[in-house]
Amino acid sequence: RKEVEQDPGPFNVPEGATVAFNCTYSNSASQSFFWYRQDCRKEPKLLMSVYSSGNEDGRFTAQLNRASQYISLLIRDSKLSDSATYLCVVIGRPSNYQLIWGAGTKLIIKP
Amino acid sequence: NAGVTQTPKFQVLKTGQSMTLQCAQDMNHNSMYWYRQDPGMGLRLIYYSASEGTTDKGEVPNGYNVSRLNKREFSLRLESAAPSQTSVYFCASSELGQGVYNEQFFGPGTRLTVL
């Protein structure tokens, strides 16, 4: 089993819709969680951190479910510019540089 | 402020050839990283440098070597390229040292093909 798993998609979603996707992780000792965004043939960029209590940044909401070992990303009122691949990142071992990256979920927003 | 820069952007090698990928950051970050990204897989850490003067192996170091030339520059060398090293290589940097996560800033990547 991979340490971090994501549905590769693509998720084809009409503009203005709400879309959500999850990321599961296998290491119950994982401490920190993040979502990165990667546009086609570009470098990853941090979208948001995921806090235990959940957090919101504009149209984006991230949540953590420790009991079931997954994090989620919800995008409301989706825009064409949200089309990208969303990468889940987990730090499994404290005091360690090694971020564990999911393979990403591809999102396509259609007009 | 250029952030993280990488050269070259594209490279084609023949099996057995060597090359060095260059990376530089102008954000005064302590830590730097080299990743590879293959289709259907997450980014995998090749080597990292927690601070100037130190380097450590990541998840997939075989076939690679690195040099932290100074605080700004971190190079990745392929001594004898193999087709399995065909990938997109990303360099990244972050501000703080070991034990504390910081946002990693990435360069634009190098697309390497080994024939």
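A brief look at the structure comes next. Given the structure is predicted, the values throughout are model-derived calculations rather than measurements. (Residues numbered from 1 in each chain as written. Chains lettered and ligands numbered in written order. Predicted model: local features only at pLDDT ≥ 70, side-chain atom pairs only at ≥ 80, totals over all residues. Heavy atoms only, no water.)

Here we look at the overall build of chain A
Of the regular secondary structure elements, chain A holds zero helices and 11 strands. Tracing chain A from N to C terminus, the helices and strands come up as β-β-β-β-β-β-β-β-β-β-β. Its C-alpha atoms give chain A a radius of gyration of 13 Å, within 12% of the compact-globule value 13 Å for 111 residues. Referenced to the eigenvectors of the C-alpha coordinate spread, the extents of chain A come out at roughly 45 × 30 × 25 Å. (Helix = DSSP H or I, 4+ residues; strand = E, 2+ residues; numbered from the N terminus. Rg over C-alpha atoms; globule rule 2.2 N^0.38 Å.)

Section: the overall build of chain B
Along its length, chain B carries zero helices and 11 strands. Its helices and strands in sequence order give chain B the pattern β-β-β-β-β-β-β-β-β-β-β, from N to C terminus. Evaluated residue by residue, chain B yields a buried proportion of 49% over its 115 residues. Sequence separation of at least 24 residues holds for 55% of the intrachain contacts in chain B that already meet a minimum separation of 6. In the form shown here, chain B has an accessible surface area of approximately 5300 Å², with 48% of it arising from carbon and sulfur atoms. Put simply, chain B has 10 plus and 9 minus side-chain charges, and the middle of one group is 8 Å from the middle of the other. (Buried < 20%, exposed > 50% of the residue type's maximum accessible area, 1.4 Å probe, protein only. Contact = heavy atoms within 4.5 Å. Areas by Shrake-Rupley, 256 points an atom, 1.4 Å probe, with all protein chains shown as cover. Lys, Arg positive; Asp, Glu negative; His and termini not counted. Charge placed at Lys NZ, Arg CZ, Asp CG, Glu CD.)

Brief notes about the sheet that holds strand β8 (residues 70–75) of chain A
Residues and elements named next belong to chain A. Strand order in the open sheet formed by five strands is β1-β3-β8-β7-β6, and the pairing between neighbours is antiparallel. Edge positions in the open sheet fall to β1 (4–6) and β6 (55–57), since each of these has one partner strand only. Each strand of the sheet is rotated relative to its neighbour by a mean of 20°, with strand direction disregarded. Relative to β8, strand β7 (residues 60–65) runs antiparallel, the two being bridged by six bridges. In the strand pairing of β8, L64 is matched with I71. (Pairing = 2+ DSSP bridges. Axes fitted to C-alpha atoms, helices over the stretch in contact; angles between N-to-C directions.)

Overview of the sheet that holds strand β1 (residues 4–7) of chain B
Residues and elements named next belong to chain B. Taken together, four strands build an open sheet; the order of strands is β1-β3-β8-β7 and the sheet is antiparallel. Of all the strands in the sheet, just β1 and β7 (64–68) have a single pairing partner and so form its edges. Mean inter-strand twist for the sheet, computed between neighbouring axes without regard to direction, equals 15°. As judged from the four bridges shared by β1 and strand β3 (residues 19–25), these two strands associate in the antiparallel manner. Bridging across to β3, T7 finds its partner in Q22.

Focus: the pattern of salt bridges
Opposite charge on two side chains allows them to pair when their charged atoms are near. Scanning all chains against the criterion turns up seven salt bridges over all chains. Taking the shortest distance from any N to any O, the salt bridge between A:D39 and A:R37 comes out at 2.8 Å. A:E56 is the salt-bridge partner of A:R76, the closest N and O atoms lying 3.5 Å from each other. Separated by 20 residues along the polypeptide, A:R76 in the loop between β8 and β9 (84–91) and A:E56 in strand β6 bring together distant segments of the chain. In this structure A:E56 comes out as exposed when scored by relative accessible area, which is 58%. Through salt bridges that share partners, B:R36, B:D38 and B:R44 make up one connected network. (Salt bridge = Lys/Arg side-chain N within 4 Å of Asp/Glu carboxyl O.)

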